[in-house]
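Notes for the structure review
Next come the chains, spelled out residue by residue.
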Amino acid sequence: NYGKIKQYNALKEWAYLSPKYFIPSENVLEEYDLKKKGYVFIREVSTETINYLSQEKEIILKISNLFPQNIKVVLSLENKNKRQSYPDDWIILNEPVSDIHSLMYYSKIVISTGDSMAREGGMLGVPSIYLGNRDMPANRILIDKGLLQRKSSKNLTAYIENKILANTSNFEQNKLRNKLENEWDDITKLIMSLIEKGKKQ
């Protein structure tokens, strides 16, 4: 029954990432000896799951030499069995992390081979790149807003260098997030209102 379907103007991750519900904390930076906007955040998903079976394997590992040695790299690695294959000076996270989204928020750039974390980076106002092969409508919404870029590993080098060298600020980041908040629905509020409405029926 289509009459019972409620459409909302936002992406599902906004329910926990909007400025109303997510406030970044610098405390997590101390855990890893990091400075704000002084590192790159990377996510490498496993291609052994159904969603990613057709995706190129170990994309980040293959381009790990592209990252300058003078910039810290924080890696969220899904397949921990491969951890020894990545550069020794990379910080490989042991999930669960106390505050993964603050780690992403304070990074210079988010690069992910999985689409969910790439979208999260975009919604956090961080320059974000999706390196995977899934063409998701949710990704296109952020791409159209200039909050996410989909790239292949081959054309990544110049972009990485520019973003690493660029001076980024949390002020500009928060302007982007506040713009989204003005444009998008408060999903949590919407869900709660539907629950209350259901109780009254």
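For the structure, check the block above.
Residues numbered from 1 in each chain as written. Predicted model: local features only at pLDDT ≥ 70, side-chain atom pairs only at ≥ 80, totals over all residues. Heavy atoms only, no water.

**Some thoughts on the packing of helix α5 (residues 115–123) against helix α6 (residues 137–144)**
In plain terms, the rule: Interaxial angle, 0 to 180 degrees, is taken between N-to-C directions of lines fitted to C-alpha atoms, where a helix line uses only the stretch in contact. Only DSSP runs of H or I with at least four residues qualify as helices, and only runs of E with at least two residues qualify as strands; both kinds are numbered from the N terminus onward. Note on angle classes: values under 35 degrees are labelled roughly parallel, values over 145 roughly antiparallel, values of 65 to 115 roughly perpendicular, and the remainder oblique. Take the far helix as the reference: if the near one is turned anticlockwise from it by less than a right angle, the crossing is left-handed, and if turned clockwise, right-handed. Residue contacts are defined here by distance: any two heavy atoms, one from each residue, within 4.5 Å place the two residues in contact.
Across the interface, α5 lies against α6 with an axial gap of 10 Å and an inter-helix angle of 30°. By the angle class used here, α5 and α6 are roughly parallel. With respect to the hand of their crossing, α5 and α6 are arranged in left-handed fashion. Of α6, the residues touching α5 (which contributes Asp115, Arg119 and Met123) are Ala138, Asn139 and Leu142.

**Thoughts on helix α8 (residues 170–183)**
The line we're drawing: Helix span is expected to be 1.5 Å times the residue number reduced by one.
In this model, α8 (14 residues) spans 20 Å end to end at C-alpha, consistent with the 20 Å of a helix rising 1.5 Å per residue. For α8, the secondary structure elements touched by its buried residues are α1 (14–17), α4 (100–105) and α5.

**Brief notes about a nonpolar patch on the surface**
How we decide: In this analysis, a patch consists of residues with relative accessible area above 30% that form no salt bridge, clustered at 9 Å for like charges and at 5 Å for the nonpolar side chains Val, Leu, Ile, Met, Phe, Trp and Tyr. Accessible areas in this description were obtained via Shrake-Rupley with a 1.4 Å probe; residue shielding takes into account the shown protein chains only. For this analysis, a salt bridge means a side-chain nitrogen from Lys or Arg found within 4 Å of a carboxyl oxygen belonging to Asp or Glu.
Residues Ile191, Met192 and Ile195 make up a contiguous nonpolar surface patch of about 260 Å² in total accessible area. As for its placement among the helices and strands, Met192 is situated in helix α9 (residues 187–200).

**Focus on the packing of aromatic side chains**
Heads up, the condition is: In this scheme Phe, Tyr and Trp rings, the latter by its six-membered ring, pair at centre separations within 6.5 Å, and the angle between planes marks the pair as stacked below 30 degrees, edge-to-face above 60, and tilted otherwise. Categorising residues by exposure relies on relative accessible area from a 1.4 Å probe, with only protein chains included: less than 20% of the type maximum marks a residue as buried, more than 50% marks it as exposed, and the intermediate range marks it as partly exposed. Only when the NZ of Lys or the CZ of Arg is both within 6 Å of the ring centre and within 35 degrees of the ring normal is a charge said to sit over the ring.
Summed over the entire model, instances satisfying the criterion amount to 5 aromatic pairs. Consider the rings of Trp14 and Trp184, whose centres lie 5.4 Å apart with planes at 90°: the pair is edge-to-face. Residue Trp14 is found in helix α1, and its partner Trp184 is found in the loop between α8 and α9; the two are separated by 170 residues along the sequence. Each member of the pair, Trp14 together with Trp184, is buried. Both rings, one in Tyr105 and one in Tyr106, keep their centres 4.9 Å apart while their planes meet at 90°; by these two values the pair is edge-to-face. For Tyr105, a relative accessible area of 3% gives the class buried. An aromatic cluster is present here, built from Phe22, Tyr105 and Tyr106 joined pairwise through their rings. A cation over a ring is seen here: Lys37 above Tyr105, with NZ or CZ 5.8 Å from the ring centre.

**Some thoughts on the pairing of strand β4 (residues 109–112)**
We count it as follows: Any two strands are treated as partners once DSSP identifies two or more bridges connecting them. Convention used here: a crossover is right-handed provided that the path from the first strand, over the helix, to the second strand proceeds clockwise when the strands point away from the viewer.
Of the two faces of β4, the one holding Ile109 and Ile111 and the one holding Val110 and Ser112 are both buried throughout. The pairing of β4 with strand β5 (residues 128–130) spans 3 bridges and is parallel. Residue Ser112 lies in a different strand from β5, and its bridge partner there is Tyr130. Note that the unit made of β4, α5 and β5 has a crossover that is right-handed.

**Let's talk about α5**
The element α5 is largely enclosed, with a buried count of 8 among its 9 residues. For α5, the full list of buried residues reads Asp115, Met117, Ala118, Arg119, Glu120, Gly121, Gly122 and Met123. Just beyond α5, the residue with positive phi is Gly125, at close to 80°.

**What to know about the pattern of salt bridges**
The final tally for this structure, using the stated rule, is 14 salt bridges. Between Lys72 and Asp33 there is a salt bridge, and its shortest N-O distance comes to 3.8 Å. Of this pair, Lys72 sits in strand β2 (residues 72–77) while Asp33 sits in the loop between α2 (27–31) and β1 (39–44); the two residues are 39 residues apart in sequence, bridging distant segments of the chain. On the basis of relative accessible area, Asp33 is assigned to the exposed category, the value being 60%. Overlapping salt bridges, with partners in common, bring together Lys12, Glu13, Asp115, Arg119 and Arg134 in one network.

**Observations regarding unusual backbone geometry**
At the junction of Glu95 and Pro96, the peptide bond is cis and its omega measures out at 5° in the coordinates. Unusually for a residue other than glycine, Asp33 sits at a positive phi of about 55°. The phi dihedral of Lys37 falls on the positive side, at around 60°, and the residue is not glycine. Assignment of secondary structure puts Lys37 in the loop between α2 and β1.

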